[in-house]
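Analysis of the macromolecular model
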Amino acid sequence: MSAVFVEALNILIKPVAESSGSSTNTKDGASLQKMLQANLTLLEEKLHGDPRFQDVQGVRAQVRERLAWCEWSQDVTWNFVVECLLLLLSLKHCLKSLLESFVPTKPNQRTPEAAPALPPDVLSITQQKTVGSGLQFVVTLGICPYLIPGVGVPLSRRSAFGAAVESAVSRDVAPDGSRRLFTSCSALLELVEVSSLGTLVLTRHLGDILAGLCQLGHCPTRSRAQLAVLTEKAKCSVEKLWTGLPNHTSASTEIGKEERMSCKRALQGLLGKVYQPIVIKELLILQGGPKQVKLGAVRGSRQPLAPAPPWLRSLCGQLLSDRLAQPSGVQAVVRGILEGAGAGAVGGMDAEAAASDWRKCDSVARILSACPQQSLSVDDYYRQVCPQVLELLHIRDKLTALQFQRVATTTVLSMIQQQPSLADEHLLTPLLSPLLRCLTLAEEKPSMVSVSESDLSQCIEDLFKVCVVGNSPTPALLKALGNVIPVIFSLYCFTKQNVSHLRSPCHEILQWFLLKTDTNVAIGVLEQLCSLSGQRTGNLPVYQFLPGSDGGARVSLRELISDEDDALYEKLSFEQWRVECVVDLLASLEESDLPGDFFISLLKELTSLAEEVEEAEEEAVPTSSMSLLQLEMYQEQCTAKQEQRLLVLQVLAVMCEKLSHTLLHNPGQVVEFIAAMLRRVCACLERGIEGTVETQTLTMGLGLVATMLGGAAKLKSEDYTAMAVLLPLLDLVSRQHPDTLVQELATDLRATIATHGAYMADSMVRAARSGSSESSNRTAGSDTAATEAKQDEETARQREQAKRPVERGAGMKAGSVMAGGQDTGTESLAPPEGPPSHPADMQGLRPSRPDPPPLQPRKHFSECVLEAYDPDIPTRAFALRTLTSMVHKKEAQALNSQEKILTLFLENLEHEDPFVYLSAIQGLAVLADVFPEQILRRLLDEYQQGPPDSRKPRSLETRLKVGEVLMRASRALGDLASHYGGPLINVFLRRARDEDSMMRASSLSNLGELCQRLNFALGPMAHELSWCLSAIIKTDREAEVRRAAVHVIALLLRGLSDRSMQVLSEVLRDLYRALKLVVQMDRDDITVLHAQLALEELDDVVRRFIFPEQKLEKKIVVLP
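All figures in this text were calculated on a predicted structure; none of them were measured in a lab. (Residues numbered from 1 in each chain as written. Predicted model: local features only at pLDDT ≥ 70, side-chain atom pairs only at ≥ 80, totals over all residues. Heavy atoms only, no water.)

**Topic: the pairing of strand β2 (residues 553-557)**
- Taking burial as the measure, the five residues of β2 include four buried ones, the bulk of the element.
- Here strand β1 (residues 543-547) pairs with β2 via five bridges, running antiparallel. Across the sheet, Pro547 pairs through a bridge with Ala553, a residue of β2.
- Turn length for the β1-β2 hairpin, with the two strands adjacent in sequence and antiparallel, is five residues, and the turn residue Gly551 shows positive phi of about 85°. (Buried < 20%, exposed > 50% of the residue type's maximum accessible area, 1.4 Å probe, protein only. Helix = DSSP H or I, 4+ residues; strand = E, 2+ residues; numbered from the N terminus. Pairing = 2+ DSSP bridges.)

Rendered as structure tokens:
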């Protein structure tokens, strides 16, 4: 029934020229009016003369009666709009009645795959096109001509047809422009009630409807006269135009207060109903272009929009602020602005390219970070927006996250820079809350878990995005991050002891903070992490990190250790590990001066600590007159100072060990290092202390200065200026040191530094050479001493092991002798770790044919048979290998006793000792290689159920060992595998349905080993093989069996290689779908890995087939 209404609408909007074949010019207004009038006349004739349109005429009359605005006008364009609206409302009435009477049929359980019945309001593609054309006429003729300049996109910007519409519309007849605009918007909003029509209206004409509602509901009264001023020709003064209108355009026909309020309510309802990113996009368009356009911007092909009126800009700003304050409003704003760049609801193909457009992302960030004028306060705006900005960092879709995370990161950094205090409260505190909770865990209950794994992982990831990816260090951000650096470092230390995905982001965050913060602050943080500052972070914290289930970490309270010795050991090991982690962190800062500055700071601190200790020793405080409390406090102070000194020495030792070659980068740091050493020597000289350490320190310091001044480093004037700190120290050495040679050298060095290298004494050159050689000798001596110490330690350990008694039994001794006499090159004597017949365990290591055992002293055949039943394990194993050698050499007695040897080997398969059953496996493999026709048939029977003449079946372990024999025999068959492949494949496929999972896995492994050698003989069995493997992959519950099935496909593709497209042409698609199903659905990681490897093999095969290797060949063709 709806088709008749659509057909009537098509008659109205279809140009009459199409049916008559004549061409009509529609570029001027008069021609357009004639065409519209002709279509109206044709429709009236069809409605009254054609019986098919009786229902349309009836519904149209009903709709016309209830509408007050359905009056004919002298304006043809408005009559055309009214007729379009009548037909569209009639169609809506018809569809609504059909929907009310529609009862969906119950789905048929027998055919659940059948699609459900469509509702009656669904329009076909042709019908949607017709309805869309009618809506376009309504908007073009009923809304756009009556919008004041600056409201919406003008028709001239859309198409050349806009000029004809401007000249065709008659504004000096009733009804007036505002009434026409109100009628058109109200009718279109009524169409939205039906979903099929509402989709067409809102997806194509939402912006025009919003523009009309904004003008009707919010336009000031003084601007209402501008409705007629729409074209360039009619842009005269508002008063002149308004006074020239006829009497029927009086205020009585204007929009009343009630209607204005209804437009406001309709606008708010429409904004809340439509997808919010589209609303944001349309509101941004309604805001219009900038007030002042640069000259260079107009030269392009795309002209900017005209500026919107002030009231409309203010209204759109208010509406955008309301959208922004709603739940997920920030995400809607970002999507609305960036959707055109490729980020849709779930991302787009151009999302990566759009993310690289940093200008657009930064523009969005500036919009979000700036508080709008409509907000009550900046604090209120930050309270509403900041949680939503942080949510942008948690988007998991990779394509969308590229843009959203960039916008979120830039927004966070902009907010921190603009409002540090508010950003710290509403952004940084929630962002760092999991880490801040770790610092306040002492007040928590010991039984509760403080920070979950997901919260901690999300916090570290967000911090990495903001700090490292954003890379905009601000004082507020560095200060907030510095408060939680100890927690991040503790997490970093934990991840270095475990496998965790948080190690890399923690390392990057720590590295970024140390590089971006001030050098003095960074040195203070490093001292705090090494437990050298006033805050004793070296003590065990109240929190501890535990491994998480998803590769992260969770936080809980640390349990107290009651034993003092255990607590002390835990504390010392904790401090040692933290120091090593700090040094590893500094090792990654290769191009930074921070490691050298920290090293020099430690040297200075060590010098000051040593001076304090020496002063305390000189000024010995009598303890006899102290009370017990004073004595305890004094001893605690002495112990703390001694502990501090030991910690400094520990950190210096670890740094010298791991960072010796990359510690000091520039001459300034070397000068600081020398100054620290000379201060230590000068302090000792002033106190009259002279020892070996002080002498070596002074010698090394003066040698380093002489080496630098002698040309080892290229010194600039700034370096000589930095060396000025050495002048008073060298002067003190030259006056107070007892050695005259040292005094002379110090004087010469002081003169060279003071003259900036103009003066160079001979003694200084000699000191530089001797200093460098002495330094190298000292290094070599220390290396030799370390080597000797290691050798002494190793010797002592060996002597300690030699003192322990070694007790071995006769069986073990004989076993070692037997192992010594075996061929070490044969891998079959090593017991397998996985399933006995898995072909991937030793792939590429086994020979193509079983290797014969090494030559042994010749024995008689009967003796070997008797010894094969000997209870002594080495004797039995040696006899089995001897029989194997006889079979391999095809000796007459062994060939004549084929059945006896086969029975003997099969019986020894059930032995529990690896030496015995592995020797039997090797013998059966050689036997099957020599007699494949007879032996393979018997082995297949044994593999299925056991010996045919025995009622007792073989055990599972024995059958698996037989499977190992079959796998080795399959490898040894070579080109004969295609001849014996049929029976082998049938047995392996039958055993793939065994009740035991190990048996199924063994059969599939053997099947894979065989299939990669069958080549073209596999063609007739390809379908059966594909169905079996696909069924096992989809239905088997055991992961080992699914792994084996997927591995069969990988071996099959690897063995066939380029022949896969010919042999497996009919089943290749099924195998590909099975592998893709495993990758997407299987929960076992190893099975997924096997499937990915098989897909890579298939990808290589297909690539070589599609893009064969181009070979440069010369062909000689003999012409007839």
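**Considering helix α15 (residues 329-338)**
- For α15, a buried count of eight out of 10 residues is recorded, marking the element as mostly surrounded by other parts of the structure.
- Within the sequence span of α15, burial applies to Gly329, Val330, Ala332, Val333, Val334, Arg335, Gly336 and Leu338.

**Re a nonpolar patch on the surface**
- Together, Phe1105, Ile1106 and Phe1107 line one region of the surface with nonpolar side chains, adding up to about 370 Å² of accessible area.
- Tracing the chain through its elements places Ile1106 in helix α49 (residues 1085-1106). (Patch = residues over 30% accessible without salt bridge, like charges linked within 9 Å, V, L, I, M, F, W, Y side chains within 5 Å. Areas by Shrake-Rupley, 256 points an atom, 1.4 Å probe, with all protein chains shown as cover. Salt bridge = Lys/Arg side-chain N within 4 Å of Asp/Glu carboxyl O.)

**A look at the environment of Gln893**
- Looking at where Gln893 falls in the secondary structure, it is placed in helix α38 (residues 892-896).
- The exposure class of Gln893 is partly exposed, given its relative accessible area of 39%.
- For Gln893, the residues in contact, after removing those within four places along its chain, are His860 and Phe861. (Contact = heavy atoms within 4.5 Å.)

**Regarding the packing of aromatic side chains**
- Following the criterion strictly, the structure yields four aromatic pairs and no others.
- A ring pair is formed by Phe80 and Phe137, whose centres lie 5.2 Å apart and whose planes are at 65°; its orientation type is edge-to-face. Taken together, the positions of Phe80 in helix α5 (residues 76-101) and Phe137 in helix α6 (residues 125-142) put the pair 57 residues apart, joining distant regions of the chain.
- Judged by its relative accessible area of 1%, Phe80 is buried.
- Relative accessible area serves as the criterion here: at 22%, Phe137 is assigned to the partly exposed category.
- Aromatic pair Tyr381 and Tyr382: ring centres 6.2 Å apart, planes at 65°, arrangement edge-to-face. (Phe/Tyr/Trp six-rings, centres within 6.5 Å; stacked < 30°, edge-to-face > 60°.)

**Observations regarding helix α20 (residues 420-431)**
- Helix length check: α20 (12 residues) gives 14 Å between terminal C-alpha atoms against 16 Å at 1.5 Å per residue, more than 12% under.
- Among all positions in α20, only Leu422, Ala423, His426, Leu427, Leu428 and Leu431 are buried. For α20, the buried positions fall inside an angular range of 160° around the axis, keeping them on one side.
- Contacts made by the buried residues of α20 are with α18 (378-392), α19 (398-418), α21 (433-439), α22 (453-469) and α23 (475-497). (Expected span 1.5 Å × (residues − 1). Arc of directions from axis to C-beta.)

**Side note on the pattern of salt bridges**
- A complete count under the given rule lists 20 salt bridges for this structure.
- With its nearest N and O atoms 2.7 Å apart, the salt bridge here joins Glu83 to Arg60. Here Glu83, found in helix α5, pairs with Arg60, found in helix α4 (residues 54-66); they are 23 residues apart in sequence, far enough to count as distant. Here the two residues Glu83 and Arg60 agree in accessibility, since each one is buried.
- In this structure, Asp75 engages Arg180 in a salt bridge whose closest nitrogen and oxygen atoms are separated by 2.8 Å. Within this pair, whereas Asp75 is found in the loop between α4 and α5, its partner Arg180 is found in helix α8 (residues 177-191), the two being separated by 105 residues in sequence.
- A cluster of three or more residues bridged by salt bridges with shared partners is formed by Arg66, Lys92, Lys96, Glu190 and Glu193.

**Here's the deal with the environment of Gly207**
- Examined against the element boundaries, Gly207 turns out to sit in helix α9 (residues 195-218).
- Linking Gly207 and Glu282, residues 75 residues apart in sequence, is a C-alpha distance of 5.4 Å.

**Description of the nonpolar core**
- Of all hydrophobic cores here, the largest spans 208 residues; its most connected members are Val131, Leu435, Leu481, Ile488 and Leu726.
- Contact partners of Val131, with chain neighbours within four places excluded, come to Val6, Leu9, Leu88, Leu91, Leu123, Leu197 and Leu200.
- Counting residues in hydrophobic clusters, the runner-up holds 81 residues, among them Leu880, Leu924, Phe988 and Ile1033. (Core = buried A, V, L, I, M, F, W, Y, C linked by side-chain atoms within 4.5 Å.)

**Let's talk about the environment of Gln417**
- Structurally, Gln417 is set in helix α19.
- Expressed as a C-alpha distance, the spacing of Gln417 and Thr474, which sit 57 residues apart in the sequence, is 6.7 Å.

**Notes on a negative patch on the surface**
- On the surface, Asp563, Glu564, Asp565, Asp566 and Glu570 cluster together into a negatively charged patch.
- You can see Glu564 is positioned in helix α26 (residues 564-587). (Lys, Arg positive; Asp, Glu negative; His and termini not counted. Charge placed at Lys NZ, Arg CZ, Asp CG, Glu CD.)

**Looking at the packing of helix α44 (residues 997-1011) against helix α46 (residues 1039-1056)**
- The interhelical angle for the contact between α44 and α46, taken along N-to-C directions, is 5°, at an axis separation of 8 Å. When the axis of α44 is compared with that of α46, the two are roughly parallel. Across from Ser997, Arg1000, Ala1001, Leu1004, Ser1005, Gly1008, Glu1009 and Cys1011 in α44, the residues of α46 making contact are Glu1040, Val1041, Ala1044, Ala1045, Val1048, Leu1051 and Leu1052.
- For the contact of α44 with α46, the per-class residue count stands at nine nonpolar, three polar and three charged. (Axes fitted to C-alpha atoms, helices over the stretch in contact; angles between N-to-C directions. Parallel < 35°, antiparallel > 145°, perpendicular 65-115°, else oblique. Nonpolar A, V, L, I, M, F, W, Y, C, P; charged D, E, K, R; others polar.)

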